[in-house]
Each structure stands twice: as C-alpha cells, then as structure tokens.
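Descriptive structure summary
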Amino acid sequence: PMPGRGPPPMPGGHGTLVMPNGAENNGQAVDALPPKPKIKPQEKMKNLHWKKISSSAVPDSFWKEVDDSKIVLDIQELVSLFSAKAALERKIESKGRPHSKSKGPITFVDPRRQQNVGIGLSRFGQQGLSPRDIKRAIQQVDDRVLSHETLCSLEKLLPTPDEKESILSFDGDKARLASVEKFFVEILEVKEVVQRVRAMKEKASFDEVLKEGKEKVKTLGNAIHEIKTSVALKEFLGVVLATGNYLNGSTAKGQAHGFQLDTLSKLSNMKTKDNKSNLLRYIIEFMERPSASFHSPRQIYEELKAVKAASKTSISEAKASINRLKAATTLMKRVADKAEPSDALRDVMGPFLDSYAIPSVERLKKQIDDVEADSKTLVSHFGEVGQTAEEVIVCISNFIDCLRDGYEENKREKLLLEKQAAREKRSVMKKQLPPKSGEGLFAAFSKDQKQGNAKDIVDRVRNRQARQSVMLTNARNRQARQSVMLTNRPPAPPKPPPGMSQRFSGGSLGSLVEE
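Residues numbered from 1 in each chain as written. Predicted model: local features only at pLDDT ≥ 70, side-chain atom pairs only at ≥ 80, totals over all residues. Heavy atoms only, no water.

1. Points about the overall build of the chain
Rules: Each helix is a run of DSSP H or I of at least 4 residues and each strand a run of E of at least 2, with the numbering of both proceeding from the N terminus. Using a 1.4 Å probe on the protein chains alone, a residue whose accessible area is under 20% of its type maximum counts as buried, one over 50% counts as exposed, and one in between counts as partly exposed. A contact between two residues is defined here by any heavy atoms of the two lying within 4.5 Å. Residue exposure ignores everything except the shown protein chains as possible cover, and the areas themselves are Shrake-Rupley values with a 1.4 Å probe.
Along the backbone of the chain there are 19 helices and 2 strands. Out of the 515 residues belonging to the chain, those deemed buried represent 28%. Restricting to contacts in the chain with at least 6 residues of sequence separation, those with at least 24 account for 74%. Total accessible area on the chain is roughly 36500 Å²; 54% of this is exposed by carbon and sulfur atoms.

2. Let's talk about the packing of helix α8 (residues 193–229) against helix α14 (residues 344–381)
Rules: To define axes, lines are fitted to C-alpha atoms, for helices over the stretch in contact only, and angles between the resulting N-to-C directions are given on a 0 to 180 degree scale. An angle below 35 degrees is read as roughly parallel, one above 145 as roughly antiparallel, one from 65 to 115 as roughly perpendicular, and any other as oblique. Take the far helix as the reference: if the near one is turned anticlockwise from it by less than a right angle, the crossing is left-handed, and if turned clockwise, right-handed. Asp, Glu, Lys and Arg are counted as charged, while Ala, Val, Leu, Ile, Met, Phe, Trp, Tyr, Cys and Pro are counted as nonpolar; the rest, among them Gly, fall into the polar class.
Contact geometry for α8 and α14: axes closest at 9 Å, N-to-C directions at 25°. Relative to α14, the element α8 is oriented roughly parallel. Between α8 and α14 the crossing geometry is left-handed. Of the residues assigned to the contact of α8 with α14, the class counts are 19 nonpolar, 7 polar and 6 charged.

3. A closer look at helix α9 (residues 231–247)
The criterion, for reference: What a helix is expected to span follows from its residue count: subtract one and scale by 1.5 Å. In this description, the arc belongs to the directions extending from the helix axis to the C-beta atoms. Two N or O atoms count as a polar contact when they lie within 3.5 Å, although within protein this holds only if one can serve as hydrogen donor and the other as acceptor, and sequence-adjacent residues are included solely when both atoms are side-chain atoms.
Compared with an ideal rise of 1.5 Å per residue, which puts 17 residues at 24 Å, α9 spans 25 Å between its outermost C-alpha atoms and is within 8% of the ideal. When α9 is considered as a whole, its buried residues turn out to be Ala 232, Leu 233, Phe 236, Leu 237, Val 239, Val 240 and Thr 243. Projected down its long axis, α9 carries its buried residues within an arc of 160°, all on one side. Along α9, the residues that are exposed and aim more than 90 degrees away from the buried face are Lys 234 and Tyr 246. Of the surrounding secondary structure, the elements contacted by the buried residues of α9 are α8, α10 (279–288), α11 (298–303) and α15 (389–432). Looking at where α9 begins, the residue whose side-chain oxygen comes 3.2 Å from the main-chain nitrogen of Leu 233 is Ser 230.

4. Some thoughts on the environment of Ile 187
Looking at the element boundaries, Ile 187 is found in helix α7 (residues 179–187). What makes Ile 187 buried here is its relative accessible area of 0%. If we ignore the near neighbours within four places in the chain, the residues touching Ile 187 are Ile 134, Lys 135, Ile 138, Leu 158, Pro 159 and Val 193.

5. A word on the pattern of salt bridges
Convention followed: Just to be clear on terms, a salt bridge is a Lys or Arg side-chain nitrogen sitting within 4 Å of an Asp or Glu carboxyl oxygen.
This structure, assessed with the given rule, holds 19 salt bridges. Salt-bridge contacts for Arg 136 lead to Asp 133; the nearest nitrogen and oxygen are separated by 3.1 Å. Taken as a pair, Arg 136 and Asp 133 lie in helix α4 (residues 131–140) at a separation of 3 residues, close to a single helical turn. By relative accessible area, Arg 136 is classed as partly exposed at 37%.

6. Focus: the packing of aromatic side chains
This is how the line gets drawn: The rule is short: rings of Phe, Tyr and Trp, with Trp giving its six-membered ring, pair when the centres are within 6.5 Å, and they are stacked under 30 degrees, edge-to-face over 60, tilted in between.
Across all of its chains, the model carries 9 aromatic pairs by this definition. Centre to centre, the rings of Phe 108 and Phe 170 are 6.2 Å apart; their planes meet at 50°, and the pair counts as tilted. Remark: Phe 170 occurs in the loop between α6 (161–168) and α7 and Phe 108 occurs in the loop between β2 (100–101) and α3 (111–126); sequence separation between them is 62 residues. Judged by its relative accessible area of 5%, Phe 170 is buried.

7. What about the confidence of the model for the chain?
We apply this condition: Looking at any residue, its pLDDT shows the predictor's confidence there, from 0 to 100.
Looking at the chain, pLDDT values average 79 and 72% of them are 70 or higher. Element-level mean pLDDT values for the chain span from 34 in strand β1 (residues 91–92) up to 95 in α8. Counting contacts from residues 1–30, a segment whose pLDDT is below 50, to residues more than four positions away or on other chains yields 28 contacts.

8. What about the packing of α4 against α8?
At a minimum axis separation of 10 Å, α4 and α8 run at an interaxial angle of 70°. The pairing of α4 with α8 is recorded here as roughly perpendicular in orientation. When the axes of α4 and α8 are compared, the crossing they make is left-handed. For the pair α4 and α8, contact is made by Ala 137, Ile 138 and Gln 139 and by Val 193, Arg 196, Val 197 and Met 200, respectively. Of the residues contributing to the contact of α4 with α8, the split by class is 5 nonpolar, 1 polar and 1 charged.

9. Thoughts on the side chain of Glu 384
Inclusion rule: When charges are counted, Lys and Arg are positive and Asp and Glu negative, with His and the chain ends excluded.
Position of Glu 384 among the secondary structure elements: in the loop between α14 and α15. Despite its burial, Glu 384 pairs with no opposite charge, the nearest such side chain being Lys 266 at 11 Å. Of the polar contacts made by the side chain of Glu 384, one reaches the backbone nitrogen of Leu 261; its length is 2.9 Å. Apart from the residues lying within four places of it in its own chain, the contact partners of Glu 384 are Phe 259, Gln 260, Leu 261, Val 379 and Val 392.

10. Quick word on the state of the cysteines
Condition: Counting rule for disulfides: a pair of cysteine sulfur atoms within 2.5 Å.
Per the stated rule, a full pass over the model turns up 0 disulfides. No disulfide involves Cys 402; its sulfur sits 9.4 Å from that of Cys 395, the nearest cysteine. Taking relative accessible area as the criterion, Cys 402 reaches 18% and is therefore assigned buried.

11. Description of a nonpolar patch on the surface
Note the cut-off: In this scheme, patches are assembled from residues that exceed 30% relative accessible area and form no salt bridge. Like charges are connected within 9 Å, while nonpolar side chains (Val, Leu, Ile, Met, Phe, Trp, Tyr) are connected within 5 Å.
A cluster of nonpolar side chains, Tyr 246, Leu 247 and Met 270, forms an exposed patch at the surface whose accessible area comes to about 360 Å². Looking at the secondary structure, you find Tyr 246 in helix α9. What makes Tyr 246 exposed here is its relative accessible area of 71%.

12. Considerations on the nonpolar core
Defined as follows: Among buried residues, those of type Ala, Val, Leu, Ile, Met, Phe, Trp, Tyr and Cys that are joined through side-chain atoms within 4.5 Å constitute a nonpolar core.
Core analysis: the biggest nonpolar cluster contains 89 residues, and Ile 138, Phe 183, Ile 227, Phe 236, Ile 396 and Leu 403 have the highest contact counts within it. Of the residues forming this core, the biggest block, 12 residues, is contributed by α8.

13. Let's talk about unusual backbone geometry
One non-glycine residue, Gln 255, lies in the positive phi region at around 55°. With respect to the element layout, Gln 255 can be found in the loop between α9 and α10. Positive phi values are uncommon outside glycine, yet Asn 275 reaches one of about 65°.

14. Here's the deal with the side chain of Thr 150
Of note, Thr 150 is situated in helix α5 (residues 148–157). On the accessibility criterion, Thr 150 (10% relative accessible area) is buried. Within the structure, the side chain of Thr 150 is placed 3.0 Å from the side chain of Ser 147, a separation counted as a polar contact. Excluding its chain neighbours within four sequence positions, the residues that come into contact with Thr 150 are Phe 124 and Val 145.

15. A closer look at the environment of Tyr 282
Of note, Tyr 282 is situated in helix α10. Excluding residues within four positions of it along the chain, Tyr 282 makes contact with Ser 277 and Arg 289.

Here is the structure:
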C-alpha cells in the first residue's frame with residue numbers, strides 16, 4: 001500500500017452493509033440502507049459534480065459490495081490539492097522569494113460562456129441597466145423595465161446549476177471576481193431567480209398566447225359555420241353531381257348520391273374535346289348564364305371568407321395554445337406560492353392568476369371543446385368517412401383557389417374573343433369604304449385613268465416625276481455655282497482718307513505732276 005494509506009478494501013460479503021463504527025448493528029445484518037455519516041472537511045473543498053445513485057437502486061447493483069468507510073484517505077494531500085481556497089487563490093512559489101498572490105480577476109466560467117454573458121450584460125448596460133438595476137426589477141416584478149423581450153434575453157444570462165454552485169461555494173474576496181461572476185453573485189441574491197424570471201416571462205407573454213389561441217378557435221369556428229350554411233356552395237355541388245352522373249351514366253360510377261370533396265380540385269383537370277377549356281370553367285359559365293336560376297359561383301368565396309385562414313391552422317394547434325397557457329399558470333402559481341408573504345411577486349401574480357389568467361384559460365378551453373364538437377359534425381355533414389375537419393377545410397380552400405383561377409381563365413378568353421370580333425368588324429368595314437384620295441403615283445393614276453390604257457398612264461406619270469426631279473437638280477446646281485462666284489470675287493479697293501480727297505479736289509492730276 002502507499003504510505004499513509006490503508007490496504008484496498010475487500011468486497012463485502014453477501015450484501016451485508018457495514019455500519020460506520022465497524023459493527024454490524026450488534027452482529028445483525030440489515031437490508032435497509034442506513035444514512036452515511038456527514039463529513040466536515042478541514043477546509044472548503046472544490047465540489048465533484050456527480051449524480052448519486054438512488055438508494056433504491058443500490059441493492060440490485062454492484063454498489064452494494066462497496067464500503068467506502070474502509071478506505072483511508074490522505075486528507076492533507078486532498079486539502080492541498082482540491083481545497084476551494086487553493087483553487088481560487090493559487091500561490092506562486094519562487095526560490096528565495098516570498099509567496100505572492102495573482103493580481104488578475106478570478107473567474108471560473110467557461111471562456112465562451114464568459115464572452116456570451118459579457119455581451120448580453122453590455123447590451124443591458126446600453127439600456128442603462130446595471131446588474132443591480134436588473135436585480136431590483138426582478139425583486140419588484142417591474143414589467144415596465146423587464147418586458148417580454150428583455151426577460152427572454154435575461155433568461156439566457158442566468159447562472160446554470162453548476163455555475164450557481166460554484167458561486168455559492170466561493171468564500172474568497174468577491175471584489176476580485178470577474179464581471180460575469182460578479183453579476184452571478186448579484187443576481188443570486190434573489191431567491192429562486194431562475195424560476196422567478198421564467199414566471200415573469202410567462203406572465204409577459206400570456207396575453208399574446210391567449211390572443212393567438214382565441215384567433216385560432218374563432219377562425220375555425222367561423223369556417224365551419226360558413227361551409228355548413230353556404231347556399232352557393234350547396235348549389236355548385238348539386239350541379240357537379242348532376243354533371244358527373246351524366247358523364248358517368250354508362251359506367252359503374254354513375255347514379256351517385258354524392259361525391260368526396262377532393263373531386264372539386266379535379267374538375268379543372270378534365271379538358272374539353274378541343275383542349276381549350278375544362279369542366280370547371282364550363283360549370284362556371286353554365287351557372288352564370290342569364291337563363292340559369294343559380295347563385296353565381298363567385299358568391300362561394302364571398303361566403304367562405306374564413307376558410308383560407310382556417311386551412312392554415314387546426315384543432316391541435318388550438319389545443320397546444322391552451323396547454324401552453326395551462327403550463328404558464330401552473331408555473332406562475334407555484335413560484336408565487338413559494339414566495340415570502342411580503343414578496344412583491346405574491347402581490348402581482350396572485351390577482352393576475354385569480355381574476356384574469358385562470359378564468360381566461362377556462363373560457364378558452366370551453367371554446368375549443370365547442371369547436372371540436374362542431375368539427376365532427378362538419379365531417380358527417382359531407383359524409384367524409386375517415387376524414388378530419390381540417391382535411392375538409394383544406395379541401396374547400398383548395399377548391400376556392402381553383403374557382404378563382406377558372407374565373408380568371410374565362411375572363412381572359414372573353415377578352416380575346418372580344419378583340420378578335422373587333423378586328424373582324426374593322427376588316428369588314430374597311431372593305432366597304434371607297435378608296436381615299438391622296439398624293440403619289442397611284443393618286444395620279446386614278447386621275448388619268450380615262451386618258452389611255454394603264455401602261456400609258458403609268459409611263460406619263462413616271463416621265464412627269466422624272467422631269468420634276470431633273471428640274472429640281474438643275475436648280476440646286478445653279479444655286480451652288482452662284483455661291484462659288486460670290487466666294488471668289490476680288491475684294492473692293494480701300495477708300496482714300498478724308499483729307500486726301502479734299503486736297504485733290506481743286507486741281508488735276510497733270511498739275512500735280514508738274515509741281
């Protein structure tokens with residue numbers, strides 16, 4: 001064995017439990033698991049985070065053979081290696097120098113977690129909320145400071161169970177802790193802070209979840225009522241039944257008393273012989289004829305306004321809303337019951353639960369039960385055996401989309417036919433009008449057609465146009481020559497000065513030469 005340690009324990013025999021004092025309960029073996037004695041370490045120790053085996057599971061496991069009371073531990077070594085003080089305030093020993101403590105901040109949170117919590121705290125700081133402000137708002141249940149969005153962000157920053165245990169077991173200088181650890185110290189001063197924040201978050205989101213649940217129930221209820229009472233839908237189904245029985249008259253599919261609603265989405269797939277239309281478009285046009293006594297099929301999607309929204313939800317989704325609300329009220333009540341009588345949480349949660357939340361959940365549950373009962377009658381209303389109300393609503397919603405498409409296709413075809421008829425009308429009118437008078441070769445031909453045969457007339461007109469072209473060319477050439485002559489003319493001599501003209505005005509040129 002190692003120095004200072006006893007020999008390794010021998011397995012106990014036959015499942016007998018050894019008491020801490022080494023006796024076997026006065027020589028008698030016991031089957032029950034007695035509590036183990038509490039151990040008080042010499043110093044605060046680091047914790048080993050394990051999950052203990054349940055006492056009821058020990059007799060059927062190998063642990064019944066283990067007796068740790070016989071193991072002699074080296075206590076001093078454990079203290080020197082694993083005491084909390086040694087872990088948090090490590091001493092650096094240098095040869096010939098005294099021991100000194102590290103001056104950096106103390107942290108025992110994972111670096112990534114440290115970074116994420118630090119970022120979250122900085123965002124709260126930008127809103128003017130310090131850790132102490134956050135703690136105060138939680139204690140006072142101040143929903144003006146802690147909105148639902150803020151509580152969702154805060155919940156991610158709260159210490160985990162391991163972090164909580166590390167903080168509570170720290171007995172060193174809290175001033176030396178890092179900022180995240182200081183936040184944990186501050187926030188853990190609030191009793192059951194994690195459950196408290198969750199309860200506040202559920203309260204903040206209660207109205208929104210309740211509203212969503214009510215809208216789902218109302219939409220489903222309205223859709224069911226509209227489908228069951230729509231006159232236009234009933235008439236359309238009757239026309240489809242009559243048309244289908246005729247088309248299937250010579251087959252086993254004829255003589256039907258009804259059809260499944262998914263048939264409605266197949267009407268547009270049945271093309272006409274010329275492949276230009278389909279059965280759905282035909283039935284629309286048939287029911288829209290002035291001689292028909294039916295309601296317009298267009299009235300179907302005017303009567304079934306809630307069907308489209310109802311096709312995107314279900315009874316199960318409405319039930320999920322009520323289940324979430326029930327869980328929220330349960331959590332809020334449990335946290336409020338654990339709070340101290342003077343705690344503000346009791347003053348806020350109590351009236352909220354008793355006068356509003358719990359009655360609202362009960363009313364919504366009754367509405368869901370009523371809609372669920374109506375949904376079963378909707379299925380039987382159309383004889384849809386094996387279908388759910390949600391499937392019936394989706395089927396009707398898809399049919400409404402097909403109906404709209406059918407109307408659009410009929411509208412486009414009508415416009416095309418109107419344009420074609422207008423073109424044909426213009427063509428007929430153009431043929432009936434006399435030819436218009438105008439300029440050019442054919443206008444001249446129409447004037448001179450009495451002066452000879454067609455060939456002579458055409459030759460005369462062309463010769464006339466050729467002569468006019470030559471004359472125009474000659475005129476342009478003359479204009480060009482005149483422009484050149486003006487450009488090449490020599491400049492005029494300069495005028496004499498005024499004084500010189502006066503000097504020679506009295507004599508002749510000969511006299512001037514003689515002088």
